[in-house]
Amino acid sequence: MPEEEVHAIRVHLDRLLAERGMTLTELSAQVGITVVNLSILKNGRAKAIRFSTLSRICEALHCQPGDLITHDSADPGP
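Each chain has its residues counted from 1, following the order in which its sequence is written. Selection of residues for local features in this predicted model requires a pLDDT of at least 70, selection of side-chain atom pairs for listing and counting requires 80 or more, and totals for whole chains, interfaces and linings are taken over all residues. Hydrogens and waters are ignored; side-chain quantities use all the structure's heavy atoms.

A short note on the layout of surface pockets
What counts here: Cavities and pockets were defined on a 1 Å grid built from protein atoms only: a cavity is a group of points that admits a 1.4 Å probe but offers it no way out, a pocket is an open group of points flanked by protein on both sides within 12 Å along at least five of seven lines, and a lining residue is one with an atom within 4 Å of any such point. Grid points are joined across faces, edges and corners, and a volume is the space filled by probe spheres set on the points. Note on conventions: DSSP H or I runs of at least 4 residues are helices, E runs of at least 2 residues are strands, and numbering of each starts at the N terminus. Gly falls in the polar group here, along with every residue not listed as nonpolar (Ala, Val, Leu, Ile, Met, Phe, Trp, Tyr, Cys, Pro) or charged (Asp, Glu, Lys, Arg).
Reported here for the second largest pocket is a volume of approximately 230 Å³. Elements with a contribution of two residues or more to the lining of the second largest pocket: α3 (35–42) and α4 (51–61). The element contributing the most residues to the lining of the second largest pocket is α3, with four residues. Looking at side-chain class alone, the lining of the second largest pocket contains seven nonpolar, two polar and two charged residues.

Considerations on the environment of H12
Defined as follows: Between two residues, a contact is recorded if the distance between any of their heavy atoms is within 4.5 Å.
Structurally, H12 can be placed in the loop between β1 (9–11) and α1 (13–20). For the pair H12 and D67, spaced 55 residues apart in sequence, the C-alpha separation works out to 7.3 Å. In this view, H12 contacts D67, L68, I69 and T70; residues no more than four positions away in its chain are not counted.

Right under this line is the structure:
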């Protein structure tokens, strides 16, 4: 199995969900993305995200892309 690619992108989906009192299942229903795919994103294992998906998540969570995803060049760990 290939080694996972190291990157410094951090996804803050769990924090945004907690702040809004929303579950991953509720977000999945609103956005039209499977819970499994949202979980992959939430756990930082996603390799990419479509802008259309990012837009739908931001609309559902009433946030900006920068609230959901940040770049941390000081910590390139998994």
